[in-house]
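Notes for the structure review
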Amino acid sequence: MKALITGISGFVGSHLAEYLLGKQVEVTGTIRNRSRMDHIRHLKDIQLVECELRDPFSVESLLAKVKPDLIFHLAAQSFVPTSWNSPVDTIHNNVAGQVNIFEAVRKHDLDCKIQIACSSEEYGHVEPDEVPIKETNPLRPLSPYAVSKVAQEYLGYQYHKSYGLKVIPTRTFNHTGPRRGENFVTSNFAKQIAEIEKGIKPPVLMVGNLEAKRDFTDVRDVVRAYWLALEKGTPGETYNIASGKCCTIREMLNLLLSFSNKEITVQQDPERLRPSDVEILLGDYSKFHQATGWKPEIPFEQTMEDLLNYWRERV
Ligand SMILES: Nc1nc2c(ncn2[C@@H]2O[C@H](COP(=O)(O)OP(=O)(O)O[C@H]3O[C@H](CO)[C@@H](O)[C@H](O)[C@@H]3O)[C@@H](O)[C@H]2O)c(=O)[nH]1
């Protein structure tokens with residue numbers, strides 16, 4: 001069994017590669033010449049192919065050569081604030097890259113299953129009586145990033161209906177754990193705490209909107225879900241991947257702070273506030289559970305402690 005992971009050098013890609021190797025799957029991953037390799041350097045049994053997903057020729061030659069049975073399409077511009085600064089680049093990167101994959105699969109008549117990493121951000125504005133969020137909830141995206149994910153998902157639906165591509169979109173809620181990029185809130189706060197503990201930074205932790213509520217799952221549970229999505233999910237169906245619980249960003253911060261014995265002051269940085277922030281994401285993953293038996297296993301406290309320890313070893 002051959003799997004292709006787009007964005008293998010990223011946070012989720014590196015965890016997924018580890019998981020698939022453990023299942024004796026042959027793993028090929030795409031990188032770009034500017035990709036950082038620190039997350040995958042320890043993985044000796046993977047094949048790496050340089051590929052610019054925005055370039056149809058690059059994608060076509062990749063797929064003609066690899067001919068995967070499974071594609072996990074993770075590569076994306078995935079940071080919401082960047083999508084306000086460069087909306088066109090976000091849309092182009094996320095949408096065109098995926099169209100190039102679909103077209104290459106079609107052209108070479110590849111019989112593969114394709115998981116596409118969509119997002120709970122697609123739900124965007126959620127009314128208080130609309131939680132927990134089911135796949136049938138309305139999509140009211142609040143950022144260019146969220147719109148790019150809606151477009152990716154609808155293209156998945158369209159290529160499934162028009163050409164029979166076996167596409168399975170996963171709407172994953174927030175996920176974190178070791179290797180999470182330092183811009184994302186959990187990692188950003190954990191890194192600041194680790195720096196304060198080492199005396200590299202004054203004991204003031206900078207934050208944005210602490211009132212937003214998010215549903216966090218451990219990345220190691222998420223990659224297991226991606227495998228099951230292709231193994232047991234139905235092509236053309238979308239699945240929520242979530243923990244079914246949510247907390248405010250303030251509660252998440254307080255949990256991280258409880259692991260440290262430093263006196264730390266919290267200060268809001270207006271630069272960290274967004275033009276519009278999704279107020280609440282709380283997912284219902286029962287459809288995915290019914291299809292695959294998946295449920296999250298790693299407790300949130302464990303995830304956050306592992307993340308803080310990850311940063312303690314790196315700053
Ligand atoms: N990044 C960041 N976010 C902060 C901060 N302070 C508060 N927040 C709040 O913390 C929440 C989470 O922010 P992020 O970690 O940047 O993630 P996100 O915008 O929810 O998006 C993530 O989850 C999506 C799935 O729901 C993913 O699709 C997306 O790629 C990303 O991983 C947001 O409400 C944000 O306003 C801060 O200093 N930095």
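Criteria and thresholds
Residues numbered from 1 in each chain as written. Predicted model: local features only at pLDDT ≥ 70, side-chain atom pairs only at ≥ 80, totals over all residues. Heavy atoms only, no water. 1 Å grid on protein atoms, 1.4 Å probe; cavity = no way out; pocket = protein on both sides within 12 Å on 5 of 7 lines; lining within 4 Å. Points joined across faces, edges and corners; volume = space filled by probe spheres on them. Helix = DSSP H or I, 4+ residues; strand = E, 2+ residues; numbered from the N terminus. Nonpolar A, V, L, I, M, F, W, Y, C, P; charged D, E, K, R; others polar. Domains from an automatic or database assignment. Near = heavy atom within 4 Å. Polar contact = N/O pair within 3.5 Å; in protein donor to acceptor, adjacent residues only side chain to side chain. Areas by Shrake-Rupley, 256 points an atom, 1.4 Å probe, with all protein chains shown as cover. UniProt positions renumbered as here; feature names shortened; annotations may be inferred. Contact = heavy atoms within 4.5 Å. Buried area = accessible area lost by both parts, 1.4 Å probe. Salt bridge = Lys/Arg side-chain N within 4 Å of Asp/Glu carboxyl O. Phe/Tyr/Trp six-rings, centres within 6.5 Å; stacked < 30°, edge-to-face > 60°. Buried < 20%, exposed > 50% of the residue type's maximum accessible area, 1.4 Å probe, protein only. Lys NZ or Arg CZ within 6 Å of the ring centre and 35° of its normal. Core = buried A, V, L, I, M, F, W, Y, C linked by side-chain atoms within 4.5 Å.

With that settled, consider the layout of surface pockets. One number sums up the size of the second largest pocket: a volume of about 270 Å³. Secondary structure elements with two or more residues in the lining of the second largest pocket: β10 (217-218) and α10 (300-312). Taken together, the residues that form the lining of the second largest pocket break down as 7 nonpolar, 3 polar and 6 charged. Structurally, the lining of the second largest pocket is a two-domain feature, drawing no fewer than three residues from each of domain 1 (2-175 + 216-241) and domain 2 (181-214 + 246-279 + 299-312).

Surveying the vicinity of the ligand reveals 25 residues, the closest of which are Ser119, Ser120, Tyr145, Arg274 and Asp277. At a separation of 2.8 Å, an oxygen atom of the ligand approaches a polar side-chain atom of Arg214. Protein contact buries 96% of the 720 Å² of open area that the ligand shows by itself. Here the residues of the shell around the ligand sort into 11 nonpolar, 8 polar and 6 charged. Each of domain 1 (2-175 + 216-241) and domain 2 (181-214 + 246-279 + 299-312) accounts for three or more of the residues forming the shell around the ligand.

Right, let's talk about the UniProt feature "domain: NAD(P)-binding" (unreviewed entry) in the chain for a bit. The positions that UniProt labels "domain: NAD(P)-binding" (unreviewed entry) are, in the present scheme, residues 4-306. Each end of residues 4-306 is marked by a C-alpha atom, and these two atoms are 28 Å apart; helix forms 40% of the span and strand 17%.

Another aspect to go through is the domain arrangement of the chain. The domain boundaries assigned to the chain delineate domain 1 (2-175 + 216-241) and domain 2 (181-214 + 246-279 + 299-312). Residue-level contacts link 13 residues of domain 1 with 17 residues of domain 2. Note on domain 1 versus domain 2: buried area summed over both sides is about 1400 Å², and carbon and sulfur give 62% of it. Interface area lost by domain 1 to domain 2 is led by Phe79, Trp84 and Phe216, which between them contribute 45%. Our count for the domain 1 to domain 2 interface comes out at 2 salt bridges. A salt bridge links Asp306 to Arg220; its shortest N-O distance comes to 3.0 Å. At the boundary of domain 1 with domain 2, the tally comes to 3 residue pairs in polar contact (both at pLDDT 80 or more).

Before going further, it helps to spend a moment on the packing of aromatic side chains. Here the distance between the centres and the angle between the planes together describe a pair of aromatic rings. Counting across every chain of the model gives 9 aromatic pairs. Arranged with centres 5.4 Å apart and planes meeting at 80°, the rings of Tyr285 and Trp294 form a pair that is edge-to-face. For the pair Tyr285 and Trp294, one class covers both residues: buried. An aromatic cluster is present here, built from Tyr239, Tyr285, Phe288 and Trp294 joined pairwise through their rings. We note Arg106 situated over the ring of Tyr163; from NZ or CZ to the ring centre the distance is 3.8 Å. Taking NZ or CZ as reference, Arg180 lies 3.8 Å from the ring centre of Phe184, over its face.

In this section: the nonpolar core. Residues Ile5, Ile8, Leu20, Phe72, Tyr226 and Phe288 are the most contacted members of the largest nonpolar core, which totals 33 residues. For this core, the elements supplying multiple residues, two or more each, are β1 (2-6), α1 (11-22), β2 (26-31), β4 (70-73), α7 (219-232) and β11 (239-241). Per-element tally for this core: the top contributor is α7, with 9 residues. Once residues lying within four places of it in the same chain are set aside, the contact partners of Leu20 are Ala3, Ile5, Val25, Val27, Phe72 and Trp227. Within the second largest apolar cluster, 24 residues are counted, among which are Ile249, Leu255, Tyr310 and Trp311.

Tracing the sequence through the fold places Thr30 in strand β2. Separated by 3.1 Å, the side chain of Thr30 and the backbone nitrogen of Gly7 make a polar contact. Beyond its immediate sequence surroundings of up to four residues, Thr30 is in contact with Leu4, Ile5, Thr6, Gly7, Ile8, Val49, Cys51 and Leu62.

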